[in-house]
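Residues per chain are reported as follows:
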Amino acid sequence: MAELTGRSPMKSPGRPSTRREIERLFWGEITKGLTSEDAAVAVGAAPAVGTRWFRHAGGMPQINLTVSGRYLSFAEREEIALLRVQGAGIRDIAGRLGRSPSTISRELRRNAATRGGRLEYRASVAQWKADLVAGRPKEAKLAANERLREYVQDRLLGVIRAPDGRALPGPQVPEWKGRNKPHRNDRRWANAWSPEQISARLKIDFPEDESMRISHEAIYQALYVESRGGLKRELVACLRTGRALRVPRARSRNKSGGHVTAEVLINQRPAEATDRAVPGHWEGDLIIGLNRSAVGTLVERTTRYTMLVHLPRAEGYGTIPRTKNGPALAGYGAVAMKDALAATMATLPDQLRRSLTWDRGKELSAHAQLTVETGLPVYFADPHSPWQRATNENTNGLLRQYFPKGTDLSRWGTDELTAIAAVLNSRPRKTLGWKTPAEALDEHLQSAQPSVATTG
């Protein structure tokens, strides 16, 4: 049979699987937002088949959704089989299909069924054979390049360290079981660079080494697709989304108070803060945790430099009953918030204390006193307008990987907060030309230093 077909023996896996054309239609339905079960039913496949396709591919289509016209389709193979049974010759079949006679001859010889000891052309078997040889497996770059793989893994899973160099294990998390990130529970602490950050930073760290190059899509495939290899699937828990499978994006859809007056509205903020031309303008907010715990976040608009504000609970929290108009013991009352922000901003030079934009939370109702003590003007965003503090909202989303909703944030002290801020400040940012916020801030501080005249 190998001599007759011109192809090495092919071991049959049993009943031919669903055609790749059906799988292409399935992924087309997935891109419309259908679930794997509904997409399978829409193309005439069993729901279980659609679920298997989706999970084995990690939520990513591994075949081209469009097929070049140079390849025979299943409809053409059915036509070839029908005409062959009717006794049509190769040139006659080629003329009717608009194909070259050599294409038809090769198809009849190479993809014919051979089980009966003779060549017999059947469309379903021919399509199965064509699909089987169409996949040309290639070793993943991360599987072949150990140095590159270690670099990528370290940026995804690297250990977080305190300022003195100690490794911080973070919270205890259960073993990964192939599911999405836990809901309102601790997540593993890691460097957690995004694949795009890793891909772009390789060009900066290894400018002369072309072997240290990989696209962000190749990293995603190594994480999500079982057959790609190179990276362990559990590393998807280090991605920002924490999804076990890639899924189509879902569409996602604060209250003014008496402390916000016309003089401190965002439209009164200097124009230089809006265009991000001059560093020193900050955006701030709170990350709220379980049991009325919170962490303050400050992000510089130009360099995206992040500072985390420790808000320890006051003495008596949990023992003194809560009373109306009583002292705020949770750590982010107006006075406590003002003192914590003043202490944090005091660590910055004057040129980096130009303004602070906050949402309309009551925690900053003592903003006037904060301005008097620090000289830092405070402005408030409009109601229901998070895009006016987009840099801070984005950073809070990044921080939720380390401080998930539904967890007690009072567990973490100044060392842990400093370490997490250092992780964010050492990640390359696309908007900064793949520099890190720490590098961008350092460049600004060095350029702002007055030159010293030297004498001979």
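Residues numbered from 1 in each chain as written. Predicted model: local features only at pLDDT ≥ 70, side-chain atom pairs only at ≥ 80, totals over all residues. Heavy atoms only, no water.

**Q** Can you help me understand the packing of aromatic side chains in this one?
**A** Two aromatic rings, taken as a pair, are described by how far apart their centres are and by the angle between their planes. Under the criterion given, the structure shown has eight aromatic pairs. Between Phe26 and Trp27 the ring centres are 5.2 Å apart and the planes differ by 75°, which places this aromatic pair in the edge-to-face class. Trp27 carries the same exposure label as Phe26, and that label is buried. Aromatic pair Trp189 and Phe403: ring centres 6.3 Å apart, planes at 85°, arrangement edge-to-face. (Phe/Tyr/Trp six-rings, centres within 6.5 Å; stacked < 30°, edge-to-face > 60°. Buried < 20%, exposed > 50% of the residue type's maximum accessible area, 1.4 Å probe, protein only.)

**Q** Sorry if this is basic, but what is going on with the sheet that holds strand β4 (residues 294-300) here?
**A** Hydrogen bonds between backbone groups are what pair the strands of a sheet, and the pairing can be parallel or antiparallel. Strand order in the open sheet formed by five strands is β5-β4-β3-β6-β7, with mixed pairing between adjacent strands. The open sheet has two free edges, formed respectively by β5 (306-310) and β7 (378-380), since each of these has just one partner strand. Averaged over all adjacent pairs, the angle separating strand axes in this sheet is 25°, with direction ignored. Bridge count for β4 against β5 is five bridges, and the pairing is antiparallel. When the bridges of β5 are listed, Gly296 appears paired with Val309. (Pairing = 2+ DSSP bridges. Helix = DSSP H or I, 4+ residues; strand = E, 2+ residues; numbered from the N terminus. Axes fitted to C-alpha atoms, helices over the stretch in contact; angles between N-to-C directions.)

**Q** Quick question: what am I supposed to make of the pattern of salt bridges here?
**A** A pair can form between side chains of opposite charge whenever their charged atoms are brought close. Under the criterion given, the structure shown has 20 salt bridges. Of the charged contacts, one joins Asp285 and Arg389 as a salt bridge, the two residues approaching to 3.0 Å between their closest N and O atoms. With Asp285 in strand β3 (residues 281-288) and Arg389 in the loop between β7 and α16 (390-399), this pair connects stretches of sequence that are 104 residues apart. One exposure class covers both Asp285 and Arg389, and it is buried. Of the charged contacts in the structure, one is a salt bridge between Glu443 and Lys435, with a shortest N-O distance of 2.9 Å. Here the residues in one salt-bridge network are Asp164, Arg166 and Asp415, joined through shared partners. (Salt bridge = Lys/Arg side-chain N within 4 Å of Asp/Glu carboxyl O.)

Function cannot be read off these values alone, since they describe shape.
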